[in-house]
Amino acid sequence: MTIDNKNLFGKERLQELAEKALRVSDVDQTQVSIQVAKSSLTRFASSIIHQNVSETNGAIGVRAIIGKKIGYAESNSLEGEDIKNTVKKAVEFAQHQQDNPDFRSLPSPKPIPNSPQTYFESTAASTPEARAASVEDIVKTASKYRAEAAGSFSAAVYEQAIANSLGINAYNAKTSAELTMVMTADTGFGYSNRIAQDISEINAAEAAEEAAKIAADSRSPIAIEPGEYDVVLTHYCTEDMLRFLSWLGFSALALQEGRSFMTGKLGEKICGENITIWDDGLDPRGMVCPFDGEGVPKQKVDLIVNGVAKAVVYDSLTAGKEGKESTGHGTGGTGTHGPFAWNMFMKPGNTTLDDMIASTERGLLVTRFNYTNVVHPMLTIFTGMTRDGTFLIENGRVTKPVKNLRFTQSILEALSNVEMIGKDLIKQGMATVPAIKVKNFRFTGTTEF
Amino acid sequence: MKDFTEKVLSKAAELGATYADVRIVNSKSESIQVKNGKVDTLASSSDKGFGVRVIVDGAWGFASSFTISDEEAERVAEEAVRIARASARLKKEDVKLAPVDPVEGKFENDWKIDPFEVPLEEKISLLLDADRIQRQRPEIKISEANMQFWRTEQTFASSEGSYIEQTKLESGAGIEATAIESGEMQRRSYPASFGGDYAAKGYEFVEQWDLPGHAEECAKEAAELLNAPQCPSDIRDLVLEGSMLALQVHESCGHPIELDRVFGTESSFAGTSFLTTDKLGAFRYGSENVNIVADATAPGGLGSFFYDDEGVPAQCVDIVKEGIFSGYLTSRETAAKMGWRSGGAMRADSWNRIPIIRMTNINLLPGDWTLDEIIKDTKKGIYAASVSSWSIDDKRLNFQFGTEAAWEIVDGSIGRMLKNPTYTGITYEFWGGCDAICGRDEWHLWGVPNCGKGEPMQTAHVGHGVAPARFRNVRVGVIENPDEEAED
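Residue numbers here run from 1 along each chain, matching the order of that chain's written sequence. Chain labels run from A onward and ligand labels from 1 onward, assigned in the order the entries are written. Totals for whole chains, interfaces and linings use all residues, but because this is a predicted model, local features are given only for residues with pLDDT of at least 70 and pairs of side-chain atoms are given and counted only at 80 or more.

(A) Broad picture of the overall build of chain B. Every helix listed is a DSSP run of H or I at least four residues long, and every strand listed is a run of E at least two residues long, numbered separately from the N terminus. Secondary structure assignment for chain B yields 10 helices and 23 strands. Along the first, second and third principal axes, the C-alpha set of chain B runs to 70 × 55 × 40 Å. Counting all 488 residues of chain B, 61% fall into the buried class. With C-beta atoms placed from the backbone, the exposure class of a residue follows from how many other C-beta atoms lie within 10 Å of its own: 20 or more, buried; 12 or fewer, exposed; in between, partly exposed.

(B) Representation of the environment of B:G105. All names here are of chain B. Position of G105 among the secondary structure elements: in strand β4 (residues 104-108). Residue classification places G105 among the exposed positions, given that 11 C-beta atoms sit within 10 Å. Distance in space between the C-alpha atoms of G105 and S162 is 8.7 Å, their sequence separation being 57 residues.

(C) Highlighting the sheet that holds strand β11 (residues 344-346) of chain A. The rule for pairing is simple: two strands pair if DSSP sees at least two bridges between them. One open sheet holds the six strands; their spatial order is β10-β9-β8-β11-β18-β17 (chain A), and the pairing between them is mixed. In this open sheet, the two strands that pair with only one neighbour each are β10 (308-309) and β17 (426-427) of chain A.

(D) Seen up close, helix α3 (residues 120-134) of chain B. Residue and element names in this part refer to chain B. To estimate the expected span of a helix, count its residues, drop one, and scale the result by 1.5 Å. Counted at 1.5 Å a residue, the expected span for α3 with its 15 residues is 21 Å, and the 21 Å between its end C-alpha atoms agrees. Taken residue by residue, α3 has K123, L126, L127, A130, D131, I133 and Q134 as its buried positions. Tucked into the core, α3 has its buried residues touching β1 (19-35), β5 (140-158), β6 (163-181) and α5 (211-226). What counts as a contact is two residues whose backbone-derived C-beta atoms lie within 7 Å of each other.

(E) Highlighting the interface of chain A and chain B. Facing the 71 residues of chain A at the interface are 62 residues of chain B. With 11 residues, strand β2 (residues 48-66) of chain A is the single largest residue contributor to the side of chain A that touches chain B. A class-by-class count of the residues in the side of chain A that touches chain B yields 25 nonpolar, 35 polar and 11 charged. In this structure, strand β3 (residues 69-75) of chain A lies alongside strand β2 (residues 38-56) of chain B, joined through four bridges in parallel fashion. Its bridge partner lying in β2(B), A:E74 is registered against B:S45. In this count, Pro and Cys sit with the nonpolar residues alongside Ala, Val, Leu, Ile, Met, Phe, Trp and Tyr, while Asp, Glu, Lys and Arg are called charged and the others, Gly among them, polar.

(F) Quick look at the confidence of the model for chain B. Residue and element names in this part refer to chain B. Within a predicted model, pLDDT stands for the predictor's per-residue confidence, ranging from 0 to 100. For chain B, per-residue confidence averages 96 on the pLDDT scale, and residues scoring 70 or more make up 98% of the total. Counting contacts from residues 484-488, a segment whose pLDDT is below 50, to residues more than four positions away or on other chains yields 11 contacts. This complex was scored by the predictor with a pTM of 0.97 and an ipTM of 0.95.

(G) The packing of α3(B) against α5(B), seen in detail. Residues and elements named next belong to chain B. To obtain each axis, a line is fitted to C-alpha atoms, and for helices this fit is confined to the stretch in contact; angles are then taken between N-to-C directions over 0 to 180 degrees. In contact at an axis separation of 8 Å, α3 and α5 are set at 20° when each is read in the N-to-C sense. The angle between α3 and α5 places the two elements in the roughly parallel class. As for the relative orientation of α3 and α5, their crossing is right-handed in sense. The segment α3 lies against α5, with L126, D129, A130, I133 and Q134 engaging L211, P212, A215, E216, C218 and A219. Partitioning the contact of α3 with α5 into residue classes produces eight nonpolar, one polar and two charged. Here is the rule for angles: anything less than 35 degrees is roughly parallel, anything more than 145 is roughly antiparallel, 65 through 115 is roughly perpendicular, and the remaining ranges are oblique. When the near helix sits turned anticlockwise from the far one by under a right angle, the crossing is termed left-handed; a clockwise turn instead gives a right-handed crossing.

Spelled out as structure tokens, the structure:
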């Protein structure tokens, strides 16, 4: 693949900078990560563009190792002297450090497999004029439904080089784009989101139609009592739940520290047999990422298989502690925040959202969750509000919009009560997931809209 | 630097900008985290760049770069103008800005000890001491102690003639002990959770908290929580400790008074506000005991500054007066829509972000009680301390918060400790039940360094001055622990 973009430094120049930084360091082991990014975002509200921004930025992060002492420094300047100073600062910090007994070594080079395409010229070439034209389309659709549109349309191109003194020398250029919107139709609200590495996959008019229709349908919601309801949750909600599972427990550090819900439960059933979740940075159905923040190639990791807790993800530090190999889930930086699963997938089923609604005698259809947060980490209890379109289902049909409710619910308990799973996997920020139908989801409060 | 800002501003004007400003930011930070007897993080960060904001054809454009050079000054100004012209394709009216007097000056906050000059060994040693003491309790499986320091230099220049240089030094520190046993995990922190407390002060601020001196108590409480009874599900009087009340102010008052949210410009991300403009001056937000100000002038406040990122002077604005909703956080653009002058609340995360309305120091003014008096005056209640979890709806009405620990109050005395406390309510009903606020002696200005808002995401440093307070008839104990029946 040839990349010709004036926003990028290019493979040769970026790797040259990384090599240069490595040469400055004379300590036992050194890791250098360099990134350059150009990102733009067009933001709209009340059907006008009110914020429209662009950023060109760089970053260098240096991990210097003396024995088992680790120092870290970072800067956003890639100028010669500044690179030297960043390396020197990392070395100085390592000199003042204490031994980290868990440290074995920075990772050794491994061949990085040919990954699916991560860089798309269409995204890199996105202009403010093109994004404004998309917003015009969105606003037209909003008008059709007597709604107002608010949201953002962003495009970014990044390139990253990671090198270490053991011979890792990884480079990747990638793009990403995201369109997100909330439509407001009097007392009704609707939402849609599209995320892709290739911006041409994002159809703004179709996304606007989705959000505007929900907004129009959710006008004049009625209040209902909190309590347990069967719920049909869109893929937006499923992704929210997986994001929390990842944060709470799919990391080897969380497992090693005993704070993961997987602690002591590997090999045991922790949710329904119909639930299988894995992480795969190389599956093009998700946001592809060929290597992690330490330059280690991404491996597919089965996290939960048929309801059984199978494995967690590792970086070099957590893998070293157990005498294992990193799975390519290091987050880079200081290396001390632990690995992270951020390319998750949930195994699809064979139903549609309509099937789920049709099978529900009395329940709720939830478009998305809002402001979710963990209440009890070990029990995976989280709380949040429904938002942007919540509907009552009666006798297999969506009958009325309802005012938003607060839920307080264990995620693993919900995943033990999944009755139906959608056949479509939909790409979101951290996970590619289906819609699901969950029995007895616990709503604990209500609000006024 | 003035040559550089002149170049940017004149290029923007030449290309048709009717207004332009440029901010150059140069910052550095240091982060030290100790975990289970080892220095987990010892990191330094530096960051610099400039951002250009313009109005062209009545619409906004913003561009930024990490390269500060004459060539980049022109390119970024051109890009900002091009972006503004694209914005102008979708406008209903031209952007209007409330007037502001041009200012020239150089400002720096007060501090005593520069944390960047304190030897690393000294800082590490203090944290390791606190960590060691916490780990003396065998139940403590994760012991953490941290410090963070920032120094930010900013130059703001506008086409209206302002040239303002500001330097801000900030410090923060805290400890946290996590006890884990038999699938139960409980946490206590000091002086506040999620990293501790922060202020626009020097290293003296870290020393004042005496982290090692509080490590034993912190660990003891975390360990005791493991076997504490579950917080009952009930309606009770709730007494909130300061750092928890600070977050309550943040979420249920600070955010809904942001006038950009009220006008819908944050609706796709953070949401809107129930405090619509028709409620101004008339709506009963809380009881008559509730007086809240937005004070950007508070000495040492994490949300304090001299001028905001539009060159508007820091002010103290009334938000709630004797319970009545009385004011907003504003920008030049939102103030103009109301026919006001800006209250000076526009701040950007750094050079690469456009300023948006941010909290300053949203302070609940002190009352005349003491915490002892409140406890003695409470028949059946709960004293809840330290933030554990927070969630609120997108108009900021229905909230649910969790705290690290709570203690029963029975007939005027503090009783047993309770685990997994939660409480929930509707904002104005909750504040309507506020019948006692502690006085100036127990009032503290807490620093919150991680307030998220905007797209692309921006993180702001804000402050909340509060003293412990009591709220009548609050629903507590939302979660039920399947492993243990609530004891009452």
